[in-house]
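# Commentary on secondary and tertiary structure
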Amino acid sequence: MATNAMGESMAAPAAAAPPEIHSDTTVKWFVLGAVGYFFVVGIIALIIAAKFVWPSFLGTIPYFTYGRMRPLHVNGMLFGWLLAADIGLAYYIVPRLCGVKLWSEKLGVATSILWNIIIVSAIFSLLGGYQKGLEYADLPTPVAVLVVIAWVMFGINIFATIARRKYNQMYVSTWYLMGTILWTAFVYLTGNFATLLPGVTGVNQANLTWMYTHNAVGLIFTPAGLAIAYYFIPRASNTPLYSHKLSMIGFWSLAFVYVWTGAHHMLHGPISQWLQTIAIVFSVMLLIPVWAVVYNFIATMKGQWHQLNDNVSLKFLMSGTIFYLLTCFQGPMHSLRSVNAIVSKTDWIPGHAHMAVLGTFSFITMAGVYYVIPRVFNTTLHSESIANWSFWLFMIGGLGMFTSLWLGGFWQGWQWNNPSIPFIDTVVALKPVWMVRFLSGILIFSGIVLFLYNILSTAIAGGQAKAELARS
Amino acid sequence: MLHKTDSNAILFVGAALGLFFIGGLLTTVAPPLIDKSWNKPFENHDPSKGPTGKLVEYTDQEMRGYKIYIREGCKYCHTQQTRTLASDVARSGWKGVPSPVSTPDEFVYDYRQTFGTKRTGPDLSRIGGKYNKEWHRAHFRNPRDLVPGSIMPPFPWIAENPQELDDLVAYLQTRGRAKDWRPDNDYEK
């Protein structure tokens, strides 16, 4: 039991190998690239939020029409920022948990270069209208093939590192990252390639798409994000994880339950009723893995909450945990037919989705980036105060966006259910909500700018110090 | 048993994929084998069994329009499903006649599913035949000329391209037309 790198009892803080054995080149490439795309795609996000308020804004230029910018926003945030940052953090976490160097830094850097080629091609092809036509799997097939190649390169590197690990027992973050790599491979192939098989059309294709879309969140971003949280909550608070057994319950119930729920995206729609019912039952069961994980995190913090005062990473991690609890309470509730009849297809849904991707997983990932970047550049964070400002901008902007969309979406669904209200009146009614969402977006984007500035300044300062050291 | 996966990576991989594939296969491969309506085009000639009609394959022109619909990302704002909700049936209806609900057999020829997840604009599953080409041309040029308060973007590059406009309108006129649900057959061309 006492043999994994987190020590499980941190009293003997992991017979950790000296930190200088890790060169962390791949971590730097992936994380800095991701932070850059967070900024670039943040601009796209602001533009599409503005289009809801001023619908003709940039509207007469085909490349900047809403229908082309929205998939760029979704794919850019998911793959350019969040997944790239998660991959970068995995390259940091796994070698440390295994007590060995990354199997191949060269392969890691090559993977990062390929990832940049993917994101840049995605930007041009999506704005050009070259897209597959499947939500979340919008990237054209040649680009999707590159994603698969990059994923295999990432998987080989991580699994080869794990195979040579010094500690026999694997910490929970290692399981979640292995799970992410394995499940993503099949989930991605289903959404991007199985959907294109001859004869796969209509509802059949939609069912495969929802299996992918749902599990892109549930079996890619959830396990990757939880791996990061399981690593950095004990690290940032210098406290051992509350329960190993609870983490096992959380992991294995996630592995079993998540994949069944795709059809809850088409409740009341043209898809078999019995499949809808299966999806509902398993959606409610999702409460098990979520509550197991959240209880573990909260219990770890017992007696340590005072650390939140001056530890920005912990602020992001624990707010992310609370958002995770909330977003994963909403999810099962949306899957109930009665609730779904009100909120489905309304603006409530982007409110929910942003609490998952921004409030939960981006918060957790930013905590990891704030923790890792000073360490891999062998320096200290440029400014704790700017980091704190970025947290509050994200928090206030995020809450403004989530709550305005929930209230607006609920109201919208209520109006839709009264057919005597003309549809256009339900559009006009939401205009104040979209204005609040745009203003919240400005706050969030300001948070991104401060985050980018702080991280880049830290990296530059670290690089300069290293150069001076080399000269002397 | 799962305790052993802690230190045995091969056992871990087996368990993680095994649990995943139970649900994965049962919810993706099995359903179309069980529910034949997913792959069998709609056809009904017996009015006692609900609306009559037949789903036909897209013409070349309609298919070109379908691709424009995909290219411009129309599905990010428009769903194409009349759900089993009273309000959906009423809203998809026309001139006081409620529309039939959407069924899987109406979508068998859809090479890209367009059910959608967000209804920023109205549902289009029964839009076919409601408006004529001149209405669509004016609407694509500037939606607010016809529907004050609309937030749909303008699409001048379609409105001013006769070929693309014809193709896209031809596609839109197919939506929901497999089922004959207008009592007077008063569909616009």
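Residues take numbers from 1 onward in each chain, read along the sequence in its written order. Think of it this way: whatever chain is written first is A, whatever ligand is written first is 1, and the rest follow in order. Whole-chain, interface and lining totals are the exception, using all residues; otherwise, since this is a predicted model, local features are given only for residues with pLDDT of at least 70 and side-chain atom pairs are given and counted only at 80 or more.

## Quick notes on the overall build of chain A
For helices the rule is a DSSP run of H or I covering at least 4 residues; for strands it is a run of E covering at least 2, with both sets numbered from the N terminus onward. Assigned secondary structure in chain A consists of 15 helices and zero strands. The quantity called the radius of gyration is restricted to C-alpha atoms. Its globule counterpart is 2.2 Å times the number of residues to the power 0.38. Computed over the C-alpha atoms, the radius of gyration of chain A is 22 Å, within 12% of the 23 Å expected from 2.2 N^0.38 for a compact globule of 472 residues. Each of the three principal axes of chain A carries a C-alpha extent, and together these read 75 × 50 × 45 Å. Here exposure depends only on C-beta density: within 10 Å of a residue's C-beta, 20 or more other C-beta atoms make it buried, 12 or fewer make it exposed, and intermediate numbers make it partly exposed, the C-beta atoms being placed from the backbone. Looking at the 472 residues of chain A, the share that counts as buried comes to 58%. If you take every contact in chain A between residues at least 6 apart in sequence, the share linking residues at least 24 apart comes to 83%. It is the C-beta atoms, placed from the backbone, that decide contacts: two residues are in contact if theirs lie within 7 Å.

## A short note on the packing of helix 4 (residues 141-163) of chain A against helix 5 (residues 172-192) of chain A
Two packed helices can be described by the angle between their axes and the distance between those axes. All names here are of chain A. At a closest axis distance of 11 Å, the pairing of helix 4 and helix 5 adopts a crossing angle of 160°. Taken together, helix 4 and helix 5 sit at an angle that is classed as roughly antiparallel. The two elements helix 4 and helix 5 meet at a crossing, and its hand is left-handed. Taking contact as the criterion, the partners of Ala144, Val147, Val148, Trp151, Phe154, Gly155, Ile158 and Ile162 in helix 4 are, on helix 5, Thr174, Leu177, Met178, Ile181, Thr184, Ala185, Tyr188 and Asn192. Its residues assigned to classes, the contact of helix 4 with helix 5 shows 12 nonpolar, four polar and no charged. Think of each axis as a best-fit line through the C-alpha atoms, taken over the contacting stretch in the case of a helix, with angles from 0 to 180 degrees between the N-to-C directions. Our angle categories are set so that under 35 degrees counts as roughly parallel, over 145 as roughly antiparallel, 65 to 115 as roughly perpendicular, and the remainder as oblique. By definition, any crossing whose near helix is turned counterclockwise from its far helix by less than a right angle is left-handed, and any crossing with a clockwise turn is right-handed. Residues are grouped as follows: Ala, Val, Leu, Ile, Met, Phe, Trp, Tyr, Cys and Pro are nonpolar; Asp, Glu, Lys and Arg are charged; every other residue, Gly included, is polar.

## Some remarks on the domain arrangement of chain B
Split into domains, chain B comes out as domain 1 (2-34) and domain 2 (57-172). Domain segmentation is taken from an automatic or database assignment of domains. Here the C-alpha centre of domain 2 of chain B lies 40 Å away from the C-alpha centre of domain 1 of chain B.

## Points about the environment of Lys315(A)
Residue and element names in this part refer to chain A. Within the secondary structure, Lys315 is located in helix 10 (residues 312-334). Taking the C-alpha atoms as reference points, Lys315 and Ile442, separated by 127 residues in sequence, lie 21 Å from one another. Setting aside anything within four residues of it in sequence, one finds Lys315 in contact with Leu308 and Phe391.

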